[in-house]
Amino acid sequence: MNTENSGTEVAIIGLGKVGEAIATNLTKGNHTVILASRDIEKAQLLAAKLGGLAVAKDVAHAIREADVVIPAINFNSLKDFFQAYASELADKTVVNVSNPIAPDGNGGFKKIVGQGESAGQILSGLLPGSARLVKAFGTLGAASLRNEAFSKPGRKVLFYASDHASSNKQIEELITISGFEPLLVGGIDQSIRLEVFGDLHEFGGLGKTVTVDEARAKV
Ligand SMILES: NC(=O)c1ccc[n+]([C@@H]2O[C@H](COP(=O)([O-])OP(=O)(O)OC[C@H]3O[C@@H](n4cnc5c(N)ncnc54)[C@H](OP(=O)(O)O)[C@@H]3O)[C@@H](O)[C@H]2O)c1
């Protein structure tokens with residue numbers, strides 16, 4: 001399958017709130033996506049809803065065919081996911097959307113890793129050696145990802161963090177195609193700033209989504 005725009009094959013694994021939002025935005029931007037879920041029927045249903053730019057595959061085939069893999073699954077499941085698909089993930093750009101949080105029992109959320117730790121940094125150490133982890137796409141809440149793509153006037157920013165210059169062009173193209181403005185914050189050690197409670201997160205220091213001019217002042 002050839003992508004319409006960037007030439008990058010994208011696989012989204014896990015089709016909950018975030019996976020569906022990313023898939024929807026990419027196809028709205030006229031980009032093809034490979035969809036995978038533990039339940040192939042879920043992927044087939046979403047592919048049918050999104051139309052001809054989306055195709056459903058089983059998880060292993062989706063990863064093998066992709067250049068960029070976006071596991072839109074919970075932080076606590078990602079370690080097992082990386083182990084289960086270690087050989088398929090070799091040499092891929094893997095996008096970490098996860099926030100290391102859980103309900104706090106009072107209607108809010110609490111961090112489930114140390115205060116100074118981030119999902120991005122922890123997970124970059126768990127990936128198979130030749131895969132490249134980039135923190136991106138999950139840096140807004142699902143509702144903003146869904147509702148603020150292609151916003152006018154002034155696109156909203158999706159921050160990202162990466163240690164891999166060779167992946168950055170792919171990520172920036174995909175963020176742009178999905179209706180946002182990409183802004184690199186720094187290496188993966190900056191992930192904490194982009195996760196919930198971080199100074200560059202809408203559910204942290206920012207308190208809202210931002211345009212590029214607003215974002216540059218903060219970065
Ligand atoms: N919700 C938000 O506002 C938000 C914002 C930014 C980032 N995030 C992050 O995005 C990720 C997904 O969150 P979400 O809100 O979309 O969750 P969600 O709606 O609960 O969806 C999670 C999906 O992950 C799938 N899944 C779980 N374990 C899996 C595995 N081992 N292999 C394949 N698929 C698996 C589930 O599939 P099944 O249907 O098969 O169970 C489900 O479709 C999380 O890491 C979260 O921290 C969430």
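Before going into details, it helps to say that this report is about the structure given with it. Bear in mind that the values here come from a model prediction, so they are computed numbers and not experimental data. Along every chain, residues carry numbers that run from 1 in the direction the sequence is written. Per-residue local features of the predicted model are confined to residues with pLDDT of at least 70, and side-chain atom pairs are confined, for both listing and counting, to 80 or more; whole-chain, interface and lining totals are unaffected and use all residues.

## Focus on the site of the ligand
Logical step 1: Nearness is defined per residue: the C-beta atom, placed using the backbone, must lie within 6 Å of the molecule or strand. Lining the immediate surroundings of the ligand are 22 residues, of which Gly14, Gly16, Ser98, Gly138 and Ala142 lie closest.
Logical step 2: Class assignment of the residues belonging to the shell around the ligand gives a composition of nine nonpolar, ten polar and three charged. For this classification, the nonpolar set comprises Ala, Val, Leu, Ile, Met, Phe, Trp, Tyr, Cys and Pro, the charged set comprises Asp, Glu, Lys and Arg, and every other residue, Gly included, is treated as polar.

## Details of the environment of Ser118
Logical step 1: Relative to the elements of secondary structure, Ser118 occurs in the loop between β7 (109–111) and α6 (119–124).
Logical step 2: Counting other C-beta atoms within 10 Å of a residue's own tells you its class, since 20 or more makes it buried, 12 or fewer makes it exposed, and anything in between is partly exposed; those C-beta atoms are placed from the backbone. Its 26 C-beta neighbours within 10 Å are what place Ser118 among the buried residues.
Logical step 3: Once C-beta atoms are placed from the backbone, any two residues with those atoms within 7 Å are in contact. The contacts of Ser118, once residues within four sequence positions are left out, are Ser191, Ile192 and Glu195. Here a helix means four or more residues in a row that DSSP labels H or I, a strand means two or more in a row labelled E, and each is numbered from the N terminus.

## What about the environment of Phe137?
Logical step 1: Tracing the sequence through the fold places Phe137 in the loop between β8 (132–135) and α7 (142–147).
Logical step 2: Along the chain, Phe137 and Ala119 lie 18 residues apart, while their C-alpha atoms are 14 Å from each other.
Logical step 3: Ignoring sequence-local partners within four residues, the contact set of Phe137 consists of Ile22, Ile70, Val95, Val97 and Leu158.

## Comments concerning the environment of Thr209
Logical step 1: Tracing the backbone through its elements, the reader meets Thr209 in the loop between α9 (191–194) and α10 (212–218).
Logical step 2: Judged by the 20 C-beta atoms lying within 10 Å of it, Thr209 falls in the buried class.
Logical step 3: Spatially, the C-alpha atom of Thr209 lies 29 Å from that of Gly51, the residues being 158 residues apart in sequence.
Logical step 4: Each residue touching Thr209, except ones within four places of it in the same chain, is listed here: Leu140, Ser144, Glu148, Lys156 and Glu202.

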